[in-house]
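Breakdown of the fold
For reference, the chains in residue letters:
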Amino acid sequence: MKSEIDYTLYLVTDRDLMSTPTLEDGVRAACEGGTTLVQLREKHAGHDEFARIARSVKSICDEFDVPLIVNDAVDVALEVGAAGVHVGQDDMPLAEVRRLVGPDRIVGVSASSLQEALAAQEGGADYLGVGAMTFTPTKPDAKVVSRDELNAILEAVDIPCVVIGGVNAKSIPSYAGLPLAGFAVVSAIIAAPDVCAAARELRELIARGR
C-alpha cells in the first residue's frame, strides 16, 4: 500500500551545500521545521555508502512520520524500505523503475516540458518534479522551464506537481494561486544558517499562498 504523501515542503538533500555538521543534523532540523517529504540525493556515493546514509536518514524521517524518497538508486530504496524513488529523464526508464519497485512505492519523475510530463503520467508516475524553474547552481545543466510551460503542464496532468529550481522565500509567493502540490527546496533549507527556522518560514509562506 502506497504511503500518503504530503508534497507541501519537499526537501532535496545536497551534502555539498549543508550548513550543519552532518546530513542527519540537517534532515532532523528540517523535519522539526515542518518539512513534509525528504528526497535523499547522493550523486557521488557508492552503493554501500548511499545505503548507510539512507538508513540513517530514514530513521530520522520515521521519527517525524516524514516519507523518504531516494533519488535514482532503486536498489538503495528497496534495501532500506524507502517510500519511493525519484528519477530524472536520463536515469533508469520509468517502466523499469516501476517493475522493480512494484505498485506500492511512490515513483516521481523530473519533467521540464509538457511532452515529458504527459509521458511520465502515462507511464505511471505518481508525481512530477517540474523544473528547473530558474537557473540554479545545484543543477547548472538543467533546462529552465518557463511559466507558460509550467501552466501548460499543470493544466494537462492529473498527478501532483512540485516545482524545483530556485525555490526560496523570495520566489514562493510568485506561485500563489497555482494548483501545485508543493515546493521542492535544496539550498534554501539545507544551506541555511538555521535549517529549522528556514523550513518553518517556507512552510508558513506556502500556507499563506494557499
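This text follows the structure it describes.
First, a word on scope: everything that follows refers to the structure included in this document.

1. Things to note about the side chain of Gln39
- Position of Gln39 relative to the elements: it lies in strand S2 (residues 37–40).
- The residues touching Gln39, leaving out its near neighbours within four places in the chain, are Tyr10, Leu11, Val12, Thr13, Ile69, Asn71, His86 and Tyr127.

2. Remarks on the packing of aromatic side chains
- Tallying each qualifying case throughout the model produces three aromatic pairs.
- Where Tyr7 meets Tyr127, the ring centres are 4.9 Å apart and the plane angle is 45 degrees; that geometry is what we call tilted. Remark: Tyr127 occurs in strand S6 (residues 127–131) and Tyr7 occurs in the segment before strand S1 (9–12); sequence separation between them is 120 residues. Both residues of the pair, Tyr7 and Tyr127, belong to the buried class.

3. Remarks on the sheet that holds S6
- The parallel closed barrel is built from eight strands, whose spatial order is S1-S2-S3-S4-S5-S6-S7-S8. Shown here is a sheet whose adjacent strand axes are inclined to one another by a mean of 25 degrees, direction ignored.
- Bridging between strand S3 (residues 68–71) and strand S4 (residues 84–87) involves three bridges; their strand directions are parallel. Bridging across to S4, Asn71 finds its partner in His86.
- Against the sheet, helix H4 (residues 94–101) engages S4 and strand S5 (106–111), with an angle of about 165 degrees to S5.

4. Let's talk about the environment of Leu180
- If you trace the backbone, Leu180 turns up in the loop between strand S7 (161–164) and strand S8 (182–185).
- In sequence terms Leu180 and Asn71 are 109 residues apart; their C-alpha atoms lie 21 Å from each other.
- Other than its neighbours up to four places away in sequence, Leu180 contacts Leu150, Leu154, Cys161, Val163, Tyr175 and Arg210.

5. Side note on the pairing of S3
- Burial of the side chains of S3 extends over both faces: Leu68 and Val70 are buried on one face and Ile69 and Asn71 on the other.
- Relative to S3, S2 runs parallel, the two sharing three bridges. Across the sheet, residue Gln39 finds its bridge partner in S3, namely Ile69.
- Remark: the S2/helix H2 (residues 47–63)/S3 crossover connection has right-handed handedness.

6. Focus: H4
- All of the buried residues in H4 are Leu94, Val97, Arg98 and Val101. End-on view of H4: buried residues confined to an arc of 95 degrees, all on one side of the axis. Across from the buried face of H4, at angles greater than 90 degrees, the exposed residues are Ala95 and Arg99.
- Looking at the buried residues of H4, the elements they touch are helix H3 (74–80), S4, S5 and helix H5 (114–122).
- Positive backbone phi, at 80 degrees, marks Gly102, one or two positions downstream of H4.

7. Here we look at the pairing of S7
- One ladder, built from four bridges, connects S6 with S7; its direction is parallel. Bridging across to S7, Val130 finds its partner in Val163.
- Alignment of S7 against S8, held across three bridges, turns out to be parallel. Bridged to Val162 within S8 is Gly182.

8. Some points on the nonpolar core
- Core analysis: the biggest nonpolar cluster contains 72 residues, and Tyr10, Val38, Val57, Leu128, Phe183 and Ile189 have the highest contact counts within it.
- Sequence-distant contacts of Tyr10, that is, excluding residues within four places in its chain, are made with Leu37, Gln39, Ile69, His86, Tyr127, Val162, Phe183, Ala184 and Val185.

9. Some thoughts on unusual backbone geometry
- With an omega of 10 degrees, the peptide bond running from Gly131 to Ala132 counts as cis.
- Of note, Ala132 is situated in the loop between S6 and helix H6 (147–156).
- A positive phi angle, close to 55 degrees, is found at Asp65, a residue other than glycine.
- Note that Asp65 resides in the loop between H2 and S3.
- The residue Asp72 is not glycine, and still its phi comes out positive at about 70 degrees.

Definitions and cut-offs
Each chain carries its own residue numbering, running from 1 in the written order of its sequence. Two thresholds apply to this predicted model, a pLDDT of at least 70 for residue-level local features and 80 or more for giving and counting side-chain atom pairs, whereas whole-chain, interface and lining totals are computed over all residues. Remark: hydrogens and water are excluded; side-chain values derive from all non-hydrogen atoms of the structure. In this text, helices come from DSSP runs of H or I with a minimum length of four residues, and strands from runs of E with a minimum of two, each type numbered from the N-terminal end. Whether two residues are in contact is decided by their heavy atoms: any pair within 4.5 Å suffices. Whether two aromatic rings pair depends on their centres lying within 6.5 Å, for rings of Phe, Tyr and Trp, where Trp uses its six-membered ring; planes under 30 degrees apart make the pair stacked, over 60 edge-to-face, and the rest tilted. Note on exposure labels: buried denotes an accessible area under 20% of the residue type's maximum, exposed denotes more than 50%, and partly exposed covers the range between, all computed with a 1.4 Å probe on protein chains only. For two strands to be treated as a pair, DSSP must find no fewer than two bridges joining them. All axes here are fitted lines through C-alpha atoms, helices being fitted over the stretch that makes contact, and every angle between N-to-C directions spans 0 to 180 degrees. Orient the strands so they point away from the viewer; a crossover is then right-handed if the path from the first strand over the helix to the second runs clockwise. The arc refers to the directions leading from the helix axis to the C-beta atoms. To define a nonpolar core, start from buried Ala, Val, Leu, Ile, Met, Phe, Trp, Tyr and Cys residues and group those joined through side-chain atoms within 4.5 Å.

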